[in-house]
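A structural walkthrough
Below are the chains, spelled out letter by letter.
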Amino acid sequence: MKFAIQSRNDELSNRLMDEAKKYLTDFGLVFDEAEPEIVLSIGGDGTMLHAYHKYQHRLQETAFVGIHTGHLGFYADWKPEEIEKLVIAISRKKFQVIEYPLLEVTVNYQDSNESVTYLAMNESTVKSPEVTLVMDVELNGGHFERFRGDGLCMSTPSGSTAYNKALGGAILHPSLASMQLTEMASINNRVFRTVGAPLVLPAHHKCVLTPVKGPDFMVTIDHLQLFLKDVKSIEYQVSEKRVRFARFRPFPFWSRVHDSFIDSDV
Ligand code: NAD
């Protein structure tokens, strides 16, 4: 089996990367950065986001597993001291694969017929850092609202514990193929109205954001920031593609929610 390792690049993560690489090679696995079947992410959730974006072009062939060298992560749930146990489990080459839904983001440009599609694992946000963002929100072809405020966030279920949660969104189990729209500081008064609550949309539904005032704003795709000009619209839908995680032991989603937000000894 071919493997690659993504490190956060701090001292502990790099040391664990060297150890894991040596152990896995000793067990007969082949280090292959270009076409890995399994990718070990060593660091935090941010490191896993980087690993996912690096191997996004081969999601069908690659599974991910995360080790956290800081606090427990949602995508990084193995402890550094468990590295030997994990390496032995990987070398047995048998693991369960858990698949999580992804968010498809299509940016359509004004003058050309050009569109660019991205796949987010956590979320995509639309923000206007200096002036009020004004966006028409369309759901399945029908006008829903005219949003005015700091921005909008469309999250995946596995990203619902990240930025989405900070915006008052619900935590969704990743078995629900869905996407969730939350508001950032919407303007609500007698003149301007937004729904003022997070919306959870199922697969096959589409949300289109059309800029009303000033077509320049920032779009994020996970940790990536895009400063876009001349945007006609941004389309969101649940992708048909999924990200695959290698599971070697049960660590249910709700246990990770508990251990991350309520209390934990890990
Ligand atoms: P980072 O690695 O510093 O991540 C920021 C924090 O988000 C970390 O504590 C990380 O553990 C946590 N996080 C990331 N994905 C998570 C998930 N799925 N569930 C629970 N926690 C998660 O910074 P980065 O590398 O730039 O990561 C980008 C992510 O940071 C974005 O995808 C976004 O979700 C998150 N973020 C959160 C806020 C906020 O909560 N106000 C603001 C901006 C970005």
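You'll find the structure just up there.
The paragraphs below set out a description of the structure included in this document. Predicted model only: the values in this text are computed from it and were never measured.

About the criteria used
Residues numbered from 1 in each chain as written. Predicted model: local features only at pLDDT ≥ 70, side-chain atom pairs only at ≥ 80, totals over all residues. Heavy atoms only, no water. Buried < 20%, exposed > 50% of the residue type's maximum accessible area, 1.4 Å probe, protein only. Helix = DSSP H or I, 4+ residues; strand = E, 2+ residues; numbered from the N terminus. Arc of directions from axis to C-beta. Contact = heavy atoms within 4.5 Å. 1 Å grid on protein atoms, 1.4 Å probe; cavity = no way out; pocket = protein on both sides within 12 Å on 5 of 7 lines; lining within 4 Å. Points joined across faces, edges and corners; volume = space filled by probe spheres on them. Nonpolar A, V, L, I, M, F, W, Y, C, P; charged D, E, K, R; others polar. Phe/Tyr/Trp six-rings, centres within 6.5 Å; stacked < 30°, edge-to-face > 60°. Near = heavy atom within 4 Å. Polar contact = N/O pair within 3.5 Å; in protein donor to acceptor, adjacent residues only side chain to side chain. Areas by Shrake-Rupley, 256 points an atom, 1.4 Å probe, with all protein chains shown as cover.

1. Details of helix α5 (residues 253-261)
Among the residues of α5, F253, R256 and V257 are the ones counted as buried. When α5 is viewed along its axis, its buried side chains cluster within an angular range of 105 degrees and face the same direction. Where α5 is buried, its residues touch β5 (96-109) and β15 (231-247).

2. Regarding empty space enclosed by the protein
Per the stated rule, a full pass over the model turns up 2 cavities of 30 Å³ or more. The volume enclosed by the largest cavity comes to roughly 60 Å³. As for the largest cavity, its lining consists of M48, F64, V65, G66, F74, Y75, D77, Y100, F245, A246, R247 and R256. Breaking the lining of the largest cavity down by element, the ones donating at least two residues are β4 (63-68) and β15. Residue classes in the lining of the largest cavity are distributed as 8 nonpolar, 1 polar and 3 charged. For the second largest cavity, the calculated volume is near 30 Å³. D77, W78, A246, R247, F248, R249 and F251 together form the lining of the second largest cavity. Tallied by class, residues from the lining of the second largest cavity come to 4 nonpolar, no polar and 3 charged.

3. Focus on the packing of aromatic side chains
Following the criterion strictly, the structure yields 9 aromatic pairs and no others. Ring plane angle 15 degrees and centroid distance 5.6 Å describe the contact between Y75 and F245, whose orientation is recorded as stacked. With Y75 in the loop between β4 and α3 (83-91) and F245 in strand β15, this residue pair connects regions lying 170 residues apart in the sequence. We note that Y75, like F245, is buried. Through pairs of rings, three or more aromatic residues link up here, namely F64, Y75, Y100 and F245.

4. Thoughts on the site of the ligand
The environment of the ligand is formed by 15 residues, the closest being D45, N122, E123, S158 and T161. D45 places a polar side-chain atom, nitrogen or oxygen, 3.0 Å from an oxygen atom of the ligand. A distance of 2.5 Å is found between an oxygen atom of the ligand and a side-chain nitrogen or oxygen belonging to E123. Protein burial of the ligand: of its 780 Å² of free accessible surface, 62% is covered by the chains. At the level of secondary structure, the elements contributing two or more residues to the shell around the ligand comprise α2 (45-54) and α4 (163-166). With 3 residues, α2 is the largest single contributor of residues to the shell around the ligand. Considering only residue class, the shell around the ligand consists of 6 nonpolar, 6 polar and 3 charged.

5. Description of the layout of surface pockets
Reported here for the largest pocket is a volume of approximately 190 Å³. Along the walls of the largest pocket sit 15 residues, with I98, Y100, H173, R247 and R256 positioned nearest its centre. Sorting the residues of the lining of the largest pocket by element identifies β5, β15 and α5 as the ones contributing at least two each. At 4 residues, β5 tops the list of elements feeding residues into the lining of the largest pocket. Classifying every residue of the lining of the largest pocket by side-chain character gives 7 nonpolar, 3 polar and 5 charged.

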